[in-house]
Amino acid sequence: MASIRNMIYLGLFLLLTCPKAASASRPLFMAPRDFYLSRGGPFWVVAADLDQDGDLDLAATNSDDKVSIFLNNGDGFFVQTGNYYVGLIPVHLCAADLNGDGFSDLAVIKGVEPTFSVLLNNGDGSFGTAQDYPAGRLPSYVAASDLDGDGDNDLAVNKAVNYDNISIFLNDGNGTFAQTGAYSSDGKGCFIVAPDLDGDGDCDLAATNIDSGTISILLNNGDAIFAPAQNYGVGDSPRSLSVADLDDDGDCDLAIPNHQSNDLSILLSCGDGTFAPA
């Protein structure tokens, strides 16, 4: 019995460790694919094709003031290829083509600096020196979308302050930005996204308010000018949100996790940028 058991163990070992043994079909078990070395205390990670080879790579913010890049080998295994200094304690980032060259760039929020950073992609998953832009007190999250309908990606930055906490930065087309507006939501801002919430073809804003237990909806006039926030009650301390058509009617609905009340709020869209009670 011991020899049979040992043969089984040997067979499983070869199946898991020998590429030729597993090439004919998928292995029965997958070895863990974690423990990639980032830097001191990673905060946030995004997936995007950073080197234009058709697979998804990773970028992560770290508490040692850098952004780490992990390029995908094509099989779900990653190689760390760079660490880029952006400033004190980067907490959030998003990936989008910011200079119109077809490559995914990065916009990075720093939790203790009144700026955000833009890292432009060289086209191979490496990045240039960070360019900083003033963002105001306590920036928290950033969203990239074409807010003014000119074909390039602009930025909306949410801040953990109680006034004019959503700032709009329009792209001049080559990856440089200028602030063009500031809007108040319903309290200290946290997460922000920029989907088309009213079905008119332009990108609106949805932002969580961590202290007031609400979510703010700001509808776009089409030129990156936004109507005053419409606020909807959710749970206590909403931190993030996800946008999807949850009831299969073609509209963008919202799902919000509430940190303090330990629940999840669902806001179904009425189709015109307004929402039913959570």
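Scroll up a little and you will see the structure.
Along each chain, the written sequence defines residue order, and numbers are assigned to residues from 1. The predicted nature of this model means local features are confined to residues of pLDDT at least 70 and side-chain atom pairs, given and counted, to a pLDDT of 80 or more, with totals for whole chains, interfaces and linings taken over all residues. Hydrogens and water molecules were not included; the side-chain quantities draw on all heavy atoms of the structure.

Caption draft 1: Quick peek at the pattern of salt bridges. The salt bridge criterion pairs a side-chain nitrogen of Lys or Arg with a carboxyl oxygen of Asp or Glu, the two atoms within 4 Å. This model, assessed by the stated rule, comprises two salt bridges. For Lys-110, the salt bridge identified is with Glu-113, shortest N-O distance 3.4 Å. The burial state of Lys-110 is the same as that of Glu-113; both residues are buried. In this structure, Asp-132 engages Lys-110 in a salt bridge whose closest nitrogen and oxygen atoms are separated by 3.1 Å. Here Asp-132 is found in strand 8 (residues 131–134), whereas its partner Lys-110 is found in strand 6 (residues 105–110), with 22 residues between them in sequence. Exposed residues in this analysis have more than 50% of their type's maximum accessible area, buried residues have under 20%, and partly exposed residues fall in between, with area computed by a 1.4 Å probe over protein chains only. A residue is classified by how much of its surface remains accessible, and Asp-132, at 43% relative accessible area, is partly exposed. You can call Lys-110 buried: its relative accessible area is 0%. Taken together, the shared-partner salt bridges connect Lys-110, Glu-113 and Asp-132 into one network. We count a stretch as a helix when DSSP gives it H or I for four or more residues in a row; a strand needs E for two or more, and each element gets its number in order from the N terminus.

Caption draft 2: Seen up close, the environment of Gly-54. Looking at the secondary structure, you find Gly-54 in the loop between strand 1 (42–48) and strand 2 (57–62). Sequence spacing of Gly-54 and Asn-72 is 18 residues, and the spatial spacing of their C-alpha atoms is 9.6 Å.

Caption draft 3: Structural view of the environment of Cys-203. Its location among the elements puts Cys-203 in the loop between strand 13 (189–193) and strand 14 (205–209). In contact with Cys-203, other than residues within four places in its own chain, are Ser-145, Asp-146, Leu-147, Ala-194, Pro-195, Asp-196, Asn-220 and Phe-226. Any two residues whose heavy atoms approach within 4.5 Å are treated as being in contact.

Caption draft 4: Just the packing of aromatic side chains, in detail. Only centres within 6.5 Å qualify two rings of Phe, Tyr or Trp (six-membered ring in Trp) as a pair; their planes then separate them into stacked at under 30 degrees, edge-to-face at over 60, and tilted for everything else. Tallying each qualifying case throughout the model produces nine aromatic pairs. Centroid distance Phe-116 to Phe-169: 4.9 Å. Interplanar angle 75°. Geometry classified as edge-to-face. Separated by 53 residues along the polypeptide, Phe-116 in strand 7 (residues 115–119) and Phe-169 in strand 11 (residues 166–171) bring together distant segments of the chain.

Caption draft 5: A look at the sheet that holds strand 12 (residues 177–183). Two strands pair under a simple rule: DSSP has to find at least two bridges between them. Pairing is antiparallel across the open sheet formed by four strands, whose spatial order is 9-10-11-12. Where the open sheet ends on each side, the last strands, each with one partner, are strand 9 (139–145) and strand 12. Going across the sheet, the axis of each strand differs from the next one's by a mean of 25°, ignoring polarity. Where strand 10 (residues 154–159) and strand 11 come together, four bridges link them in antiparallel fashion. By the bridge assignment, Val-157 is partnered in strand 11 with Ser-167. Lines fitted to the C-alpha atoms define the axes, with helices restricted to the stretch that makes contact. Angles between their N-to-C directions range from 0 to 180 degrees.

Caption draft 6: Spotlight on the pairing of strand 12. The pairing of strand 11 with strand 12 spans six bridges and is classified as antiparallel. Looking at strand 12, one finds that Ile-166 is bridged to Tyr-183. Linking strand 11 to strand 12, which pair antiparallel, is a turn of five residues; within it Gly-173 sits at a positive phi near 105°.

Caption draft 7: Quick peek at unusual backbone geometry. For Asp-164, which is not glycine, the phi dihedral falls at a positive 40°. With respect to the secondary-structure elements, Asp-164 resides in the loop between strand 10 and strand 11. Non-glycine residue Ser-237 carries a positive phi angle of around 60°. For Ser-237, a relative accessible area of 9% puts it in the buried group.

Caption draft 8: Summary view of the sheet that holds strand 18 (residues 253–258). Ordered by their spatial adjacency, three strands build an open sheet running 17-18-19, and the pairing between neighbours is antiparallel. With one partner strand each, in any of the chains shown, strand 17 (242–244) and strand 19 (263–267) form the two edges of the open sheet. Between one strand and the next, the sheet's axes are offset by a mean angle of 20°, whatever the strand orientation. Strand direction decides the pairing type here: strand 17 and strand 18, joined by three bridges, are antiparallel. By the bridge assignment for strand 18, Val-243 is matched with Leu-254.

Caption draft 9: Fine view of a negative patch on the surface. The residues that make up patches have over 30% relative accessible area and no salt bridge, and they are joined within 9 Å when like-charged or within 5 Å when they are Val, Leu, Ile, Met, Phe, Trp or Tyr. Accessible surface is estimated by sampling points in the Shrake-Rupley manner with a 1.4 Å probe; for residues, cover comes only from the protein chains shown. Neither His nor the chain ends contribute to the count of charged residues, in which Lys and Arg are positive and Asp and Glu negative. The atoms used to mark charge sites are NZ of Lys, CZ of Arg, CG of Asp and CD of Glu. Among the surface-exposed residues, Asp-245, Asp-247, Asp-248 and Asp-249 lie close enough to one another that they form a single negatively charged patch. You can see Asp-245 is positioned in the loop between strand 17 and strand 18.

Caption draft 10: The side chain of Asp-57, seen in detail. Relative to the helices and strands, Asp-57 is located in strand 2. In this structure the side chain of Asp-57 is engaged in a polar contact, spanning 2.7 Å, whose partner is the backbone nitrogen of Asn-72. Beyond its immediate sequence surroundings of up to four residues, Asp-57 is in contact with Val-46, Ala-47, Ala-48, Asp-49, Leu-50, Asp-51, Phe-70, Leu-71, Asn-72 and Phe-78. Whenever a nitrogen or oxygen atom comes within 3.5 Å of another N or O atom, the pair is scored as a polar contact, on the condition that within protein one atom can donate a hydrogen and the other can accept it, and that pairs from neighbouring residues in sequence are kept only if both atoms are in side chains.

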